[in-house]
Amino acid sequence: MQPRFVGRLGPADAMTVANAALGFAAAVAATIDPSLGARLILLAAGTDGLDGVIAAKYGGTPVGEFIDSLADVASFCVAPAVFVFSVASTEWGLTLTAADPPLKLAAAFVIPALFVGSGVVRLGMYTAYDIGSDSTEGVQTTLAATLLAVVYLAGFQGAALLVGLTAIFTYLMVTTIEYPELKVSHVLGMAVIQLGAIIAPTAFNRVFPRALLFMAVLYLIGPWFYRRYLR
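In short, a report on the structure.

Conventions used here
The residue count restarts for each chain, going from 1 along the sequence in the order it is written. Under the rules for a predicted model, residues below a pLDDT of 70 receive no local features and side-chain atom pairs below 80 are neither given nor counted, while totals for whole chains, interfaces and linings still include all residues. Only hydrogens and water are set aside; all other atoms, that is, all heavy atoms of the structure, feed into the side-chain values. Secondary structure elements are defined from DSSP: runs of H or I of at least 4 residues count as helices, runs of E of at least 2 residues count as strands, and each element is numbered from the N terminus. Just to be clear, the radius of gyration here is over C-alpha atoms, and the globule rule we use is 2.2 Å times residues to the power 0.38. The buried label goes to any residue with under 20% of its type's maximum accessible area, the exposed label to any with over 50%, and the partly exposed label to all in between, with areas taken from a 1.4 Å probe on protein chains only. The contact rule is simple, with two residues in contact once any of their heavy atoms fall within 4.5 Å. Here the accessible surface of atoms and residues is derived via Shrake-Rupley with a 1.4 Å probe, and residues count as covered only by protein chains that are part of the display. For our purposes a nonpolar core is just a set of buried Ala, Val, Leu, Ile, Met, Phe, Trp, Tyr and Cys residues, chained together by side-chain atoms within 4.5 Å. Whether two aromatic rings pair depends on their centres lying within 6.5 Å, for rings of Phe, Tyr and Trp, where Trp uses its six-membered ring; planes under 30 degrees apart make the pair stacked, over 60 edge-to-face, and the rest tilted. In this analysis the charged atom, NZ for Lys or CZ for Arg, is taken to sit over a ring once it is within 6 Å of the ring centre and within 35 degrees of the ring normal. Every helix has an expected span of 1.5 Å times one less than the residues it contains. In this analysis, axes come from line fits to C-alpha atoms, helices being fitted only over the stretch in contact, and the angle between any two N-to-C directions falls in the range 0 to 180 degrees. Small angles under 35 degrees read as roughly parallel and large ones over 145 as roughly antiparallel, with 65 to 115 read as roughly perpendicular and the rest as oblique. In this scheme, a crossing is called left-handed if the near helix is turned counterclockwise away from the far one by less than a right angle; it is called right-handed if the turn is clockwise. Just so you know the grouping, Ala, Val, Leu, Ile, Met, Phe, Trp, Tyr, Cys and Pro go in nonpolar, Asp, Glu, Lys and Arg go in charged, and all remaining residues, Gly too, go in polar.

## Looking at the overall build of the protein
- Tallying secondary structure elements over the protein gives 9 helices and 2 strands in all.
- Here the C-alpha radius of gyration of the protein, 18 Å, is about what a compact globule of 231 residues would show, namely 17 Å.
- C-alpha extents for the protein along the principal axes are approximately 55 × 50 × 35 Å.
- The 231 residues of the protein split such that 42% are buried.
- When contacts within the protein are restricted to residue pairs at least 6 apart in sequence, those whose partners lie at least 24 apart make up 79%.
- Entry remark: accessible area of the protein is about 11,700 Å², with carbon and sulfur atoms responsible for 70%.

## Here's the deal with the nonpolar core
- F83, W92, V139, L147, L162, F169 and L220 are the most contacted members of the largest nonpolar core, which totals 49 residues.
- Among the secondary structure elements, those contributing two or more residues to this core are α1 (11-30), α2 (34-58), α3 (64-91), α4 (102-130), α5 (141-153), α6 (159-172), α7 (184-199) and α8 (203-221).
- The element that contributes the greatest number of residues to this core is α5, accounting for 10 residues.
- Sequence-distant contacts of V139, that is, excluding residues within four places in its chain, are made with R122, A144, L172, M173, Y179 and L220.

## Describing the packing of aromatic side chains
- Applying the stated rule across the entire model yields 3 aromatic pairs.
- Of note, K57 hangs over the ring of Y58, and the distance from its end group to the ring centre comes to 5.7 Å.

## Let's talk about α6
- With 14 residues, α6 extends 20 Å from end C-alpha to end C-alpha; this agrees with the ideal 20 Å at 1.5 Å per step.
- If you follow the buried residues of α6, they end up packed against α3, α4, α5 and α8.

## A closer look at the packing of α3 against α5
- Where α3 contacts α5, the axes come no closer than 9 Å and their chain directions differ by 30°. By the criterion of interaxial angle, the relationship of α3 to α5 is roughly parallel. Pair α3 / α5 crosses with left-handed handedness. Contacts from D72, F76, C77, P80, F83, V84 and V87 of α3 reach α5 at T141, T142, A145, L148, A149 and Y152.
- Its residues placed into classes, the contact of α3 with α5 shows 10 nonpolar, 2 polar and 1 charged.

## Let's talk about α1
- When the terminal C-alpha atoms of α1 are compared, their 29 Å separation across 20 residues agrees well with the 28 Å that a helix rising 1.5 Å per residue should span.
- All buried positions along α1 are accounted for by A12, D13, T16, N19, L22, G23, A26, A27, A29 and A30.
- Here the buried face of α1 lies against α2 and α3.

## Thoughts on the environment of F66
- Along the chain, F66 turns up in helix α3.
- Given the relative accessible area of 47%, F66 is considered partly exposed.
- Between the alpha carbons of F66 and F24 there is a distance of 18 Å; along the sequence they are 42 residues apart.

Everything listed here is a matter of geometry and, on its own, says nothing about what the molecule does.
Put into structure tokens, the structure is as follows:
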């Protein structure tokens, strides 16, 4: 008896499933080595971009848009939340006991948890209203997760900074700010820098993650500039 998905999933769907698996791997790795966890989040973001490229070239399937959002929950909601909690709990010496400072314990737990919830809402809204559009409302979960990971890899590794950014993205993901979809050529161009940040994050004074951070921040704060460029 063949599995139900045989003949129903396409090449893009296979990349999406790989994205979900990488999300789990990133979450587990982050509890042991945050740097590795951050690199796996970036790798998952790379597969997320590639599935769109593959779907554009070879076509998608009816199930594609649904598993894409499900995979993104794992890779760009849960994985970065675990990553931030791991960094914070290590730096702040949290033991998950009554001896922990209550404010730090609450920040390390509650803010990443809210990030996951906000990301799930954002992905649900995207699936319901934005698929097929040339823009989307709210900061993409992929962008938020990429920025959290690349900030760490760029050398800015303080727990307070990461928790603070997580809180900001928790809000920005559910705003009505419009972000244009990235062009395929731009996705492929950024993928080269992203690959460098994954393979050699500390090379040349962390040039790859810092370059990726610059590009991601530019897109984050100026979506209207990017939209003008597309014209």
